[in-house]
Amino acid sequence: MRGKFKFLSIILAILICFSFGSYKNVYANEEIYLGGMPAGFRLSTRGAEVIGVCDIVCENGLVSPLKAIGVTEGDVIYKINNYEINSALDIQNALKNNENAIIEYNHAGQIIIKQIKAVKDINGNYKLGVYIRDSVSGIGTITYIKGNKFASLGHPVIDDNGSVLEISGGKLYNCSISGYIKGLRGRAGELKGAFLRSNAIANIEKNLESGVYGNLTDNFDTSNLTRVELGTAKIGEAYIYSTIDGSVPKRYEISIVKVDDYGNKNLVVKINDEDLISKTGGIVQGMSGSPIVQNNKLVGAITHVFINDPTRGFGIKIENMINN
């Protein structure tokens, strides 16, 4: 029996050494560019989200084909007549000169396929009677840049049902912060800014539990960015890099007060910087993705604010962002 225990101990020791060695090789001396700059996000949804159904004025009065089959707000239309649907134009093309249709849609997580009959409106066009959303826009913060790839937010963009939004792609744009709504106890604050959609700096590819990811375009300049190594978050003093005015990030003092392994809320942080607190109240919407730096190493990113105390919030460990 003692021999078996000794044998198992040797195996365990080898596995522990292998695991620690792998972690060190992957993270310890790897340098990337530090983020903190704001960006405008425009995510194209996979499918067309129904934001409303309506009646169509036709020869027979008011008719609503989608209401008749039970399609409701929040459903997502994927296909009509085997035609991929990602926009209003796609629906129009799928119904062109054809009143009979087979529709595939997501209702409360269940994929439903039904036959439906479109109706002609007073202009002679086939319609289903639906208002859709085919994209989502907002402001967030880039966490890091590695090679030609970027990572941001530290959490997913979610749909109206609280699920991770399914996307077909998207664009990232330069953004300038023009102001903010200060966060108060019981009410989250918000960064205000503008971005032009004429010149994208990156293509968005993934919307994951750990953030939004993609590839930079050739015109993105990294020459003025700071290179930083990756580290492991520990309880103690740290900094965040974030932008609350213009487009250049600044450093703000924080404390990491808790570290665990729960989802994308691995860290609990407290804002200590009096300047940031006096202006924004602490963490506000739009600061998600702000990199957390400790001992001159990137260890995580801001993800959420505590509604009852905007000086506190959650963060995600960098280990949980870097592999995606």
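Residues numbered from 1 in each chain as written. Predicted model: local features only at pLDDT ≥ 70, side-chain atom pairs only at ≥ 80, totals over all residues. Heavy atoms only, no water.

K.L.:
For this particular structure, what's the right way to read the overall build of the protein chain?
P.N.:
Helix and strand content of the protein chain: five helices and 24 strands. Each of the three principal axes of the protein chain carries a C-alpha extent, and together these read 80 × 65 × 40 Å. Counting over 324 residues, the protein chain shows a buried share of 44%. A fraction of 66% describes how many contacts in the protein chain between residues 6 or more apart in sequence connect residues 24 or more apart. (Helix = DSSP H or I, 4+ residues; strand = E, 2+ residues; numbered from the N terminus. Buried < 20%, exposed > 50% of the residue type's maximum accessible area, 1.4 Å probe, protein only. Contact = heavy atoms within 4.5 Å.)

K.L.:
Sorry if this is basic, but what is going on with the pairing of strand β8 (residues 110–117) here?
P.N.:
Along any regular strand the residues' side chains alternate between the sheet's two faces. For strand β7 (residues 100–107) and β8, the ladder comprises eight bridges, and the chain directions are antiparallel. Residue pairing in the sheet places Ile103 in a bridge with Lys114 of β8. Between β7 and β8, which pair antiparallel and follow one another directly, the connecting turn spans two residues, one of which, Ala108, has a positive phi of 55°. (Pairing = 2+ DSSP bridges.)

K.L.:
Help me understand a nonpolar patch on the surface in this model?
P.N.:
On the surface, Val57, Leu62 and Ile122 cluster together to form a nonpolar patch covering roughly 330 Å² of accessible area. Among the structural elements, Leu62 can be located in strand β4 (residues 61–63). (Patch = residues over 30% accessible without salt bridge, like charges linked within 9 Å, V, L, I, M, F, W, Y side chains within 5 Å. Areas by Shrake-Rupley, 256 points an atom, 1.4 Å probe, with all protein chains shown as cover. Salt bridge = Lys/Arg side-chain N within 4 Å of Asp/Glu carboxyl O.)

K.L.:
Looking at this structure, I do not really get the pattern of salt bridges. What am I missing?
P.N.:
Where charged atoms from two side chains of opposite charge come close, those side chains can pair. Tallied over the full model, the rule gives eight salt bridges. Taking the shortest distance from any N to any O, the salt bridge between Glu166 and Arg46 comes out at 2.8 Å. Taken together, the residues Glu166 in the loop between β12 (149–152) and β13 (167–174) and Arg46 in strand β2 (residues 38–53) connect sequence positions 120 residues apart. The exposure class of Glu166 is partly exposed, given its relative accessible area of 37%. Notably, a salt bridge pairs Asp275 with Lys279, separated by 3.5 Å at the nearest N-O pair. With Asp275 and Lys279 both in helix α4 (residues 274–280) and four residues apart, this pair spans about one turn of that helix. Exposure remark for Asp275: the relative accessible area of 37% places this residue in the partly exposed category.

K.L.:
Got a minute to help me understand the packing of aromatic side chains in this structure?
P.N.:
Enumeration over the complete set of coordinates arrives at two aromatic pairs. An angle of 20° between the planes, with centres 5.8 Å apart, marks the rings of Tyr173 and Phe195 as stacked. With Tyr173 in strand β13 and Phe195 in the loop between β15 (190–194) and β16 (200–208), this pair connects stretches of sequence that are 22 residues apart. When its relative accessible area of 5% is taken as the criterion, Tyr173 is described as buried. Measuring from ring centre to ring centre gives 4.9 Å for Phe306 and Phe314, while their planes differ by 70°; the resulting arrangement is edge-to-face. Phe314 sits in the partly exposed class, given a relative accessible area of 22%. For the cation-ring pair, Arg46 lies above Tyr78, with the distance from its terminal atom to the ring centre recorded as 4.2 Å. Sitting over the face of the ring of Tyr239, Arg251 holds its NZ or CZ atom 3.8 Å from the ring centroid. (Phe/Tyr/Trp six-rings, centres within 6.5 Å; stacked < 30°, edge-to-face > 60°. Lys NZ or Arg CZ within 6 Å of the ring centre and 35° of its normal.)

K.L.:
Sorry, what's going on with unusual backbone geometry here?
P.N.:
Residues apart from glycine generally show negative phi values, whereas peptide bonds are mostly found in trans. At Ala108, a position not held by glycine, the phi torsion is positive, near 55°. Tracing the sequence through the fold places Ala108 in the loop between β7 and β8. Take Ala108: its relative accessible area is 75%, and that puts it in the exposed class. Despite not being glycine, Leu153 shows a phi value in the positive range, around 70°. Counting through the fold element by element, Leu153 comes out in the loop between β12 and β13.

K.L.:
Help me out: how do you make sense of the nonpolar core in this one?
P.N.:
Note on soluble globular proteins: their nonpolar side chains tend to be buried together. Grouped together as the largest cluster of nonpolar side chains are 21 residues, with contacts concentrated most on Ile240, Ile254, Ile256, Val269, Leu276 and Ile292. Those elements that provide at least two residues to this core are β19 (236–242), β20 (250–259), β21 (267–271) and β23 (297–306). Apart from the residues within four sequence positions on either side, Ile256 is in contact with Ala233, Lys234, Ile235, Gly236, Ala238, Leu267, Val268, Val269, Ile292, Gln294 and Val299. Membership of the second largest hydrophobic core comes to 19 residues, among which are Val71, Ile116, Ala118 and Leu128. (Core = buried A, V, L, I, M, F, W, Y, C linked by side-chain atoms within 4.5 Å.)

K.L.:
How should the state of the cysteines be read in this particular structure?
P.N.:
Covalently bonding the sulfur atom of one cysteine to the sulfur atom of another cysteine gives a disulfide. Tallied over the full model, the rule gives zero disulfides. No disulfide involves Cys58; its sulfur sits 12 Å from the nearest other cysteine sulfur, which is in Cys54. Cys58 sits in the buried class, given a relative accessible area of 13%. (Disulfide = S-S within 2.5 Å.)

K.L.:
How should the environment of Arg42 be read in this particular structure?
P.N.:
Summarising the element assignment, Arg42 is placed in strand β2. The spacing of Arg42 and Lys258 is 216 residues in sequence and 33 Å in space, taken between C-alpha atoms. Setting aside chain neighbours within four positions, we find Arg42 in contact with Ser135, Val136, Ser137, Gly170, Lys171, Tyr173, Arg197 and Ile204. Polar contacts involving the side chain of Arg42 include one to the side chain of Ser135, which spans 3.5 Å. (Polar contact = N/O pair within 3.5 Å; in protein donor to acceptor, adjacent residues only side chain to side chain.)

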